[in-house]
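A structural walkthrough
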Amino acid sequence: MTTLLITGGAGFIGSNLVGMLAAAGQHRLVILDALTYAGNLQNLAGLIDSEHVVFVHGSITDADLLGKVFAEHSIDAVLHLAAESHVDRSIASAAPFVETNVTGTLRLLEAARAASVRRFVHVSTDEVYGTLGPDDAPFTEQTPLQPNSPYSASKAASDLLVRAFVHTYGMDCVTTRCSNNYGPYQFPEKLIPLMTLNALEGKSLPVYGDGRQVRDWLHVEDHCRGIMLALEHGRSGEVYNFGGYGERFNIDIVQRIIELTGADASLITHVTDRPGHDRRYAIDPRKASTELGWQPVHSVEQGLAETIAWYRSNATWCENVRSGAYLDYYAKHYGTSL
Ligand code: NAD
Ligand code: TYD
């Protein structure tokens with residue numbers, strides 16, 4: 001049985017990935033997570049106590065800790081998801097994004113290289129490609145990197161470090177770039193969970209600008225299957241784009257959430273637009289399809305309905321996230337504070 005290090009495993013995508021990998025039962029899993037505001041150990045309830053899943057609390061910027069983790073757990077491969085991930089937070093303060101996404105990725109690459117891991121999968125974003133006009137062709141892996149926010153700039157910088165480690169040191173690395181994910185366990189600062197919880201609570205739904213920005217929505221399970229396929233079948237040094245064939249205007253997503261929750265349409269409030277707001281993202285995933293045999297299976301229509309049903313039926317998770325009680329889960333679980 002091989003051992004995978006999953007960074008950011010207590011976050012939205014990481015915890016879904018840990019759940020899927022644990023269910024598949026083919027690997028031992030070591031999760032490294034700093035438990036920032038976005039990390040939620042509740043997402044891993046029922047998993048972190050299993051024999052094959054170990055949780056390590058710490059930062060990817062901590063070189064000493066990384067050295068110990070690689071040595072003590074005999075890591076075979078890395079799935080790197082830890083990041084500061086929210087564009088609005090990066091606009092408010094860019095420095096934590098450079099620290100975690102750039103410096104943290106560098107430290108992780110160095111530690112993985114020193115430990116001679118077999119493969120490093122770097123999970124990145126389509127936002128590194130910048131923005132598209134309404135009639136532009138979707139992003140391919142050949143699209144130039146033109147990041148527009150501090151978040152996407154920090155992710156692009158990390159992608160380039162990964163590329164440099166392949167070319168300079170011969171490390172085996174694969175980079176994935178996906179479109180906007182949605183699904184269970186997403187922190188309610190991102191569009192779909194924020195609008196869902198606000199709609200369920202009868203709070204206002206803040207749509208930036210005219211709401212005619214376009215995002216391509218990818219169900220988190222489809223993304224996680226892509227990461228697993230990249231681990232198994234990706235070619236070192238290559239980039240694979242994952243998209244959901246799910247382009248929608250933001251305002252249409254919000255209107256659909258109103259229908260599915262039974263909320264009042266008058267809750268929609270157009271607020272000042274995000275500075276530098278990318279107008280449209282779209283992904284051409286044909287390389288992942290051809291080389292990895294990957295296809296998204298969730299339609300936005302069905303996936304959105306299932307996701308809203310998940311938030312409705314997981315009221316305790318939602319309440320703990322809204323109140324901040326989730327931050328105490330570590331102390332309750334391990335009997336010691338963070
Ligand atoms: P998230 O914000 O939900 O989770 C990030 C996790 O990383 C959290 O558990 C947090 O505690 C942890 N973390 C943050 N800083 C850390 C550090 N210094 N050391 C260790 N752990 C740290 O993010 P997500 O939405 O799950 O995204 C996961 C990855 O996928 C990120 O790299 C992100 O850039 C990428 N991505 C996300 C989306 C999306 O739509 N959510 C789309 C494209 C790419
Ligand atoms: P978000 O979920 O923050 O993802 P990203 O910025 O990485 O694409 O936002 C998705 C889209 O929704 C983006 O165009 C910004 C918009 N948005 C709103 O209109 N209102 C909101 O409150 C939020 C959080 C996002």
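For the structure, see preceding data.
Nothing here was measured: the structure is a model prediction, and the numbers come from that model. (Residues numbered from 1 in each chain as written. Chains lettered and ligands numbered in written order. Predicted model: local features only at pLDDT ≥ 70, side-chain atom pairs only at ≥ 80, totals over all residues. Heavy atoms only, no water.)

**A few points about the overall build of the protein**
The line we're drawing: Secondary structure counts use DSSP, requiring at least four H or I residues in a row for a helix and at least two E residues in a row for a strand, with both numbered from the N terminus. Here the globule rule reads 2.2 Å times residues to the power 0.38, and the radius of gyration is calculated from C-alpha atoms. For every residue, the accessible area obtained with a 1.4 Å probe (protein chains only) is divided by the maximum for its type, and the residue is called buried under 20%, exposed over 50%, and partly exposed between those limits. Each accessible area is a Shrake-Rupley result for a 1.4 Å probe, and residues are judged covered by the shown protein chains and nothing else. Only four residue types enter the tally: Lys and Arg on the positive side, Asp and Glu on the negative side; His and the chain ends are excluded. For the purpose of locating charges, the reference atoms are NZ of Lys, CZ of Arg, CG of Asp and CD of Glu.
If you tally the helices and strands in the protein, you get twelve helices and twelve strands. Relative to the globule expectation of 20 Å for 338 residues, the C-alpha radius of gyration of the protein, 19 Å, shows essentially globular dimensions. Over its C-alpha atoms, taken along the principal directions, the protein stretches across nearly 55 × 50 × 35 Å. Every one of the 338 residues in the protein was classed for burial, and the buried ones make up 53%. For the protein, the computed accessible surface area is about 13,900 Å², with 50% contributed by carbon and sulfur atoms. Here the protein holds 26 positive side-chain charges and 38 negative ones, and the gap between their average locations is 2 Å.

**Points about the site of ligand 1**
Worth spelling out the cut-off: Definition of nearness: a residue and a molecule or strand are near each other if at least one heavy atom of the residue lies within 4 Å of the molecule or strand. Whenever two N or O atoms come within 3.5 Å, that pair is a polar contact, provided that in protein one can donate a hydrogen and the other can accept it, and provided that, for residues adjacent in sequence, both atoms are side-chain atoms. Note on residue categories: nonpolar means Ala, Val, Leu, Ile, Met, Phe, Trp, Tyr, Cys or Pro, charged means Asp, Glu, Lys or Arg, and polar means any other residue, Gly included.
Surveying the vicinity of ligand 1 reveals 28 residues, the closest of which are I13, D33, S85, Y151 and K155. A distance of 3.5 Å separates an oxygen atom of ligand 1 from a polar atom in the backbone of G39. Contact distances for ligand 1 include 2.7 Å between an oxygen atom and a side-chain N or O atom of Y151. Contact with the protein chains hides 96% of the accessible area of ligand 1, taken as 830 Å² for the molecule alone. Among the secondary structure elements, those contributing two or more residues to the shell around ligand 1 are helix 1 (12–24), strand 5 (119–125), helix 5 (150–169) and strand 7 (180–182). In terms of residue count, strand 5 provides more of the shell around ligand 1 than any other element does, three residues in total. A breakdown of the residues in the shell around ligand 1 according to their chemical character gives 13 nonpolar, 13 polar and two charged.

**A few points about the packing of helix 6 (residues 191–201) against helix 8 (residues 250–261)**
Just so we agree on the cut-off: To obtain an axis, a line is fitted to C-alpha atoms, over the contacting stretch when the element is a helix, and the angle between two such axes runs from 0 to 180 degrees between their N-to-C directions. If you view the pair so one helix is near and one far, a crossing is left-handed when the near helix is turned anticlockwise from the far one by less than a right angle, and right-handed when it is turned clockwise. The contact criterion used throughout is that any non-hydrogen atoms of two residues lie within 4.5 Å.
Remark: helix 6 packs on helix 8, axes separated minimally by 10 Å, with the N-to-C direction vectors making an angle of 35°. Taken as a pair, helix 6 and helix 8 cross one another with a handedness that is right-handed. Along the contact surface, helix 6 presents L191, I192, M195, T196, A199 and L200, while helix 8 presents N250, I253, V254, I257 and T261. When grouped by side-chain class, the residues that make up the contact of helix 6 with helix 8 number eight nonpolar, three polar and no charged.

**A word on the pattern of salt bridges**
Where we set the bar: By definition here, a salt bridge exists when the distance from a side-chain nitrogen of Lys or Arg to a carboxyl oxygen of Asp or Glu is within 4 Å.
Throughout the structure, instances matching the rule amount to 16 salt bridges. Where K203 meets E201, a salt bridge forms, and the shortest distance between an N and an O atom there is 2.9 Å. R280 serves as the salt-bridge partner of E247, at 2.8 Å between the closest nitrogen and oxygen. Of the two residues, E247 sits in strand 11 (residues 247–249) while R280 sits in the loop between strand 12 (268–271) and helix 9 (286–292), which places them 33 residues apart along the sequence. Take E247: its relative accessible area is 34%, and that puts it in the partly exposed class. The network of salt bridges with common partners includes R235, E238, K287 and E291.

**What to know about the packing of aromatic side chains**
Note the cut-off: Between 30 and 60 degrees the pair is tilted, below 30 it is stacked and above 60 it is edge-to-face, where a pair is any two Phe, Tyr or Trp rings, Trp via its six-membered ring, whose centres lie within 6.5 Å. Here, over-ring charges are defined by two tests on the NZ atom of lysine or the CZ atom of arginine: distance to the ring centre within 6 Å, and angle to the ring normal within 35 degrees.
Enumeration according to the criterion identifies 15 aromatic pairs in this entry. Between F139 and Y281 the ring centres are 6.4 Å apart and the planes differ by 45°, which places this aromatic pair in the tilted class. Note that F139 is positioned in the loop between strand 5 and helix 5 and Y281 in the loop between strand 12 and helix 9, a separation of 142 residues in sequence. Of the two residues examined, F139 and Y281, each falls in the buried class. Through successive ring pairs, a cluster of aromatic residues spans Y185, W310, Y311 and W317. Here the guanidinium or amino end of R212 rests over the ring plane of F249, the centre of that ring lying 3.9 Å away. Sitting over the ring of Y240, K287 keeps its end group 4.9 Å from the ring centre.

**As for the sheet that holds strand 2 (residues 27–33)**
Defined as follows: Only strands joined by at least two bridges in the DSSP assignment are considered to pair.
What the seven strands build is an open sheet, ordered 3-2-1-4-5-6-10; its pairing is parallel. Two strands lie at the open edges of the sheet, namely strand 3 (53–57) and strand 10 (239–242), each paired on one side alone. Across the sheet, the axes of successive neighbouring strands diverge by a mean angle of 20°, strand direction being ignored.

**Thoughts on the pairing of strand 8 (residues 205–208)**
Of the two faces of strand 8, the one holding L205 and V207 is buried and the one holding P206 and Y208 is not buried anywhere. Across four bridges, the pairing between strand 8 and strand 12 is parallel. Bridge assignment links L205 to a residue of strand 12, and that residue is I268.

**Some points on the site of ligand 2**
Close contacts around ligand 2 come from 18 residues, with E127, P206, R215, R274 and H277 the closest. When ligand 2 sits alone it has 510 Å² of accessible area, and the protein chains cover 97% of it. Among the secondary structure elements, those contributing two or more residues to the shell around ligand 2 are helix 6 and strand 8.

**Quick look at the sheet that holds strand 11**
Ordered by their spatial adjacency, three strands build an open sheet running 7-9-11, and the pairing between neighbours is mixed. The strands lining the two open edges of the sheet, one partner per strand, are strand 7 and strand 11. When strand polarity is set aside, the average angle formed by the axes of neighbouring strands in this sheet is 50°. Contacting strand 7 and strand 9 (214–219), helix 7 (residues 220–233) crosses the sheet at an angle of about 70° to strand 9.

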